Amino acid sequence: METLTHCPNCRSSLNGGFFSSNTLMSEEMSKAINYFTENKAEAHCRNCSDKLVEEVKQIGNFRFPQLQADLAAALPLIPVISLQQPQGWNYTIIGMVTAQTVTGTGVLTEIASGWSDLLGATSARMGSKLKQGENDCFNQLRYQAATLGANAVIGTDIDYAEVGTMKGMLMVCMAGTAVRLQDLSVLGTTACHKLKNLKEVIAELDILRGLNLVE
Ligand SMILES: [Zn+2]
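Residues numbered from 1 in each chain as written. Predicted model: local features only at pLDDT ≥ 70, side-chain atom pairs only at ≥ 80, totals over all residues. Heavy atoms only, no water.

Engineer: Pulling in residues and values, what's your account of the confidence of the model for the chain?
Structural biologist: In the predicted model, the chain carries a mean pLDDT of 86, and 84% of its residues have values of at least 70. Per-element confidence in the chain ranges from a low mean pLDDT of 56 for helix H3 (residues 107-113) to a high of 95 for helix H1 (residues 27-36). (pLDDT = per-residue confidence, 0-100. Helix = DSSP H or I, 4+ residues; strand = E, 2+ residues; numbered from the N terminus.)

Right, dumping it as structure tokens:
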């Protein structure tokens, strides 16, 4: 954008003279104003934005918890599967998604000391740590896929690696291909309904996070 001499919204001059200190609002704020209010000017200055900023804040504070709830409800419905070509699915390939988590210390020492008790408490604990790592990875993949406008992850591959000098930690790595299904109804009615607007939910959350109005 070329340097503006006047505010596109109210025509006030910008840094026009020695006594003028009027400046434009951030791009993020103008984006939010465009999104949440009726005002569609390409930029806004400090002179004209007080009311608009207030409006954005009010809508944002109201919308944010709702958007987060929508996101939390929709994400688990994004399938992450190992199949390369699920039957009956027609999709567009969006791109690769990857995830890594490192699960707590002492996993492998626990395994080593726990061989005699493999089906007992030790292995149960180890299993739950691994499960936690896997679940974190699944959710990372889902979130990335959703951000890209995809609604499923196929061909997912899982790897486990020891990390750290004491080999006390276990890393779970996953990679898959994010795809956008042509017909969401293959996932069932609930998923179909909740995933339909997920991209918009994430876009709206990003606008609000960009403003740091809501935490
Ligand atoms: Zn202005």
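Don't stop here, the text continues.
Engineer: Give a detailed account of unusual backbone geometry, specifying residues and quantitative values.
Structural biologist: Unlike most non-glycine residues, arginine 11 shows phi in positive territory, near 65 degrees. Examined against the element boundaries, arginine 11 turns out to sit in the segment before H1. Its relative accessible area of 55% is what places arginine 11 among the exposed residues. (Buried < 20%, exposed > 50% of the residue type's maximum accessible area, 1.4 Å probe, protein only.)

Engineer: Can you tell me about the pairing of strand S3 (residues 169-181), naming the residues and giving the values?
Structural biologist: The sheet contact formed by strand S1 (residues 91-103) and S3 spans 12 bridges and is antiparallel. Note that in S3 the partner of threonine 101 across the bridge is valine 172. In terms of strand pairing, strand S2 (residues 152-163) meets S3 through 10 bridges, oriented antiparallel. By the bridge assignment for S3, alanine 161 is matched with methionine 171. (Pairing = 2+ DSSP bridges.)

Engineer: Go over helix H2 (residues 50-74) with me, naming the residues and quoting the values.
Structural biologist: Helix length check: H2, at 25 residues, gives a terminal C-alpha distance of 35 Å against a target of 36 Å (1.5 Å per residue), a fit within 8%. Helix geometry: H2 is bent most strongly at arginine 63, by close to 35 degrees, with proline proline 65 lying one to four residues after it. Within H2 the residues assigned to the buried category are Leu52, Val53, Val56, Gly60, Phe64, Leu67, Leu71 and Ala74. (Expected span 1.5 Å × (residues − 1). Bend = angle between axes of the 7 residues up to and from the residue.)

Engineer: Explain the coordination of the zinc ion to me, using residue names and the numbers behind them.
Structural biologist: A four-donor tetrahedral metal ideally has 109.5 degree angles, and a six-donor octahedral metal ideally has angles of 90 or 180 degrees. Only Cys7 (SG), Cys10 (SG), Cys45 (SG) and Cys48 (SG) from the protein coordinate the zinc ion, and they sit 2.2 to 2.3 Å from it. Taken together, the four donor atoms coordinating the zinc ion and their angles of 101 to 113 degrees define a geometry best described as tetrahedral. As a motif over one chain, the donors of the zinc ion read C-x2-C-x34-C-x2-C. In this pair, cysteine 10 sits in the segment before H1 while cysteine 45 sits in the loop between H1 and H2, placing the two residues 35 residues apart along the sequence. Take cysteine 10: its relative accessible area is 31%, and that puts it in the partly exposed class. Judged by relative accessible area, cysteine 45 falls into the buried class, the value being 0%. (Donors = N, O, S within 2.8 Å, 3.2 Å for Na, K, Ca; no water. Tetrahedral: all angles 85-135°; square planar, octahedral: opposite > 155°, others 65-115°.)

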